[in-house]
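What follows is each chain in one-letter form.
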Amino acid sequence: MEKTTVPVLEMSCVVCAGNVERTVAGLEGVASASVNFAANSLTVEFDERKISLQQIKKAVQDAGYDLVLSDTDKAREQAEKKVYEELRRRLLVAWCLSVPVAVLSMTEFGYTVAGHWVLALLATVVLGYSGRDFYRRAWKMARQRSANMDTLVALSTAVAWVFSLFLTVFPSFSDTHGLGHFVYFDSATMIVAFVLTGKWLEEKAKNSTTSAIRSLMKLQPATAVLVEGETEREVGVDELKIGDRVLVRPGGRVPVDGAVVSGYSSVDESMLTGESVAVEKESGSNVFAGTINMQGAIVVSVQKLAGDTMLAQMVEMVREAQGSKAPVQRVADTISKYFTFVVVSLAVLTFAVWLLVGGTAVFSSALVCAVSVLVIACPCALGLATPTAITVGIGKAAEGHILIKDAAALEKVCKVSAVLLDKTGTVMPITRDGTKRPREPLLQLS
């Protein structure tokens, strides 16, 4: 069985994360799948003899999402950055046009036929460019007989835009039905602008949570000095092979895990062990990637490739921990899944009650109230709160060299009443009854 964590693109809320998770978990050869919306990641365990990552990616793409399968962290970071930059551009356009629409709507010009057409043009640009992903994802959800946050935003803005455009094309309808010369293009555009602002802040928070992983990865040098006979040349660490010899000068970081074949020095291994005292190294001593050579130059024989070092395992451990789910999060995910349908039902009920009580004379008020229910009662915060807290918490802990096994372990820490630490930094919690102890550490200080 192979277990890996890969970034997921195109997710907009926790319901999307649930769709990706169910899609992958239902594939033949997949043992388990877990999607963390806050970390935008999929952790999947699968049988390589039955299914490949490319086949998993194809299934996810058919569901309307995408995976980043590149082996390089730089490619993953670039893919996430591209999504973030595109969101920022759409947000900028949304605010640049939504503010004029809102201001014009409150002036006398906004109540004229010409004003209505100007507002309609600006609103169409906002909804068509800045808000296009809401409609695309809402349609995708509808095809899957599902709904999410995008469904609520798409419904509310589309209803406001269509009704306003109808009154713009047929202005006499307002007079004959007593609706007044009111259009709601400003509501549609401001909804898109505010929701995009929330998503931008959300993406910004997600990007900041990956800083812990990046800080760990930066501990490993990107290049190494390869020794070939009497010559030395600088190469990328990804080019090294088992058995190659690399030179580590004083003050430099060890590029890969290996054994000293010549030279004598002291190495600072505090990033792994927490010990502040440098460890003496001589021929035959093991050294690890990311540690700092303090004194003399040493030649190291490569024993592990860059992706298999202890440091790489630490990075992978943090990734898996951030992508794991706490038991309480599954409860929130289940509620969020059905909450969208409840919100839509409440909006329809609100509209119907207003018309039932006030008749067509209060049609505009009924429409505004129904749209308000769709926008305000969005369940995105419910599904985002727990995974974001876990992702940020585990990331901040990693910055302090505290590696947390998974989200479930983090949730169990609240039951700990005493903590024992040995000199290597291993934490052995004791529960409040003083008798139950875990079979293995919940946390590891490095």
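In what follows, the structure referred to is the one given above.
The following paragraphs examine the structure supplied in this document. (Residues numbered from 1 in each chain as written. Predicted model: local features only at pLDDT ≥ 70, side-chain atom pairs only at ≥ 80, totals over all residues. Heavy atoms only, no water.)

**Brief notes about the sheet that holds strand S11 (residues 286-287)**
A sheet is described by the order of its strands in space; here six strands give the open sequence S6-S5-S7-S13-S8-S11, paired in antiparallel fashion. Strands at the two margins of the open sheet, each flanked by one partner only, are strand S6 (231-236) and S11. Where strand S8 (residues 258-263) meets S11, two bridges bridge the pair, whose relative direction is antiparallel. Residue pairing for S11: Ala-259 is matched across the bridge by Asn-286. (Pairing = 2+ DSSP bridges. Helix = DSSP H or I, 4+ residues; strand = E, 2+ residues; numbered from the N terminus.)

**Some words on helix H1 (residues 14-25)**
Taking 1.5 Å per residue as the helical rise, H1 with its twelve residues ought to reach 16 Å, and the 16 Å between its terminal C-alpha atoms agrees with that figure. H1 sits mainly inside the fold: nine of its twelve residues count as buried. Residues Val-14, Val-15, Cys-16, Ala-17, Gly-18, Asn-19, Val-20, Glu-21 and Val-24 constitute the buried set of H1. (Expected span 1.5 Å × (residues − 1). Buried < 20%, exposed > 50% of the residue type's maximum accessible area, 1.4 Å probe, protein only.)

**Brief notes about the packing of helix H4 (residues 113-130) against helix H6 (residues 149-169)**
Between H4 and H6, whose axes approach to 10 Å, the crossing angle comes to 155 degrees. If you check the angle between H4 and H6, you find them roughly antiparallel. The element H4 and its partner H6 pack so that their crossing is left-handed. Judged by residue contacts, His-116, Trp-117, Ala-120, Ala-123, Thr-124 and Leu-127 of H4 engage Thr-157, Trp-161, Leu-165, Thr-168 and Val-169 from H6. Residue classes in the contact of H4 with H6 are distributed as seven nonpolar, four polar and no charged. (Axes fitted to C-alpha atoms, helices over the stretch in contact; angles between N-to-C directions. Parallel < 35°, antiparallel > 145°, perpendicular 65-115°, else oblique. Left-handed = near helix turned anticlockwise from the far one by under 90°. Contact = heavy atoms within 4.5 Å. Nonpolar A, V, L, I, M, F, W, Y, C, P; charged D, E, K, R; others polar.)

**Concerning the pairing of strand S5 (residues 223-228)**
Here S5 pairs with S6 via six bridges, running antiparallel. Pairing of Thr-223 across the sheet is with Gly-236, part of S6. Judged from the three bridges that link them, S5 and strand S7 (residues 245-248) form a sheet pairing that is antiparallel. When the bridges of S7 are listed, Val-225 appears paired with Leu-247.

**Structural notes on the pattern of salt bridges**
This model, assessed by the stated rule, comprises twelve salt bridges. Close ionic contact of Arg-90 with Asp-133 constitutes a salt bridge, the shortest N to O distance being 3.0 Å. With Arg-90 in helix H3 (residues 73-105) and Asp-133 in helix H5 (residues 132-143), this pair connects stretches of sequence that are 43 residues apart. Summarising the burial analysis for this pair, Arg-90 and Asp-133 share the class buried. A salt bridge links Arg-233 to Glu-228, with the nearest nitrogen and oxygen atoms 3.0 Å apart. For Arg-233, a relative accessible area of 42% corresponds to the partly exposed category. (Salt bridge = Lys/Arg side-chain N within 4 Å of Asp/Glu carboxyl O.)

**Description of the sheet that holds strand S10 (residues 279-281)**
Pairing is antiparallel across the open sheet formed by three strands, whose spatial order is S10-S9-S12. Single-partner strands in this sheet number two, and they are S10 and strand S12 (292-293). The pairing of strand S9 (residues 265-268) with S10 spans three bridges and is antiparallel. When the sheet's bridge partners are listed, Ser-265 is paired in S10 with Lys-281.

**Section: a nonpolar patch on the surface**
A contiguous nonpolar patch, built from Val-331, Ile-335, Phe-339, Val-342, Leu-346, Leu-349, Val-353, Leu-356 and Val-357 and spanning about 840 Å² of accessible area, is present on the exposed surface. In this structure, Val-331 sits in helix H12 (residues 327-358). (Patch = residues over 30% accessible without salt bridge, like charges linked within 9 Å, V, L, I, M, F, W, Y side chains within 5 Å. Areas by Shrake-Rupley, 256 points an atom, 1.4 Å probe, with all protein chains shown as cover.)

**Focus on the nonpolar core**
Side chains that are nonpolar tend, in soluble globular proteins, to be buried together. One finds Met-11, Val-24, Leu-42 and Ile-56 to be the most contacted residues of the largest nonpolar core, which totals 52 residues. Per element, the largest residue contribution to this core is seven residues, and it comes from helix H8 (residues 185-209). Once residues within four sequence positions are removed from consideration, Val-24 is found in contact with Val-30, Ala-33, Leu-42, Val-44, Ile-56 and Val-60. Among the nonpolar cores identified, the runner-up in size contains 17 residues, and Met-314, Val-318, Ala-321 and Ile-404 belong to it. (Core = buried A, V, L, I, M, F, W, Y, C linked by side-chain atoms within 4.5 Å.)

**A word on the packing of aromatic side chains**
Remark: the centre distance and the inter-plane angle together describe each pair of aromatic rings, the angle taken between the planes. All told, the structure shown has three aromatic pairs when counted by the stated rule. Ring centres 6.2 Å apart and planes at 20 degrees place the aromatic pair Phe-163 and Tyr-184 in the stacked group. Taken together, the residues span a long stretch of sequence, with Phe-163 in helix H6 and Tyr-184 in the loop between helix H7 (172-177) and H8 at a distance of 21 residues. Of the residues examined, Phe-163 reaches a relative accessible area of 10% and is grouped as buried. Seen in terms of ring centroids, Phe-166 and Phe-170 are 5.1 Å apart; in terms of plane orientation they differ by 45 degrees. Their pairing is tilted. Positioned above the aromatic ring of Tyr-65, the side-chain terminus of Lys-140 is 4.2 Å from the ring centre. (Phe/Tyr/Trp six-rings, centres within 6.5 Å; stacked < 30°, edge-to-face > 60°. Lys NZ or Arg CZ within 6 Å of the ring centre and 35° of its normal.)

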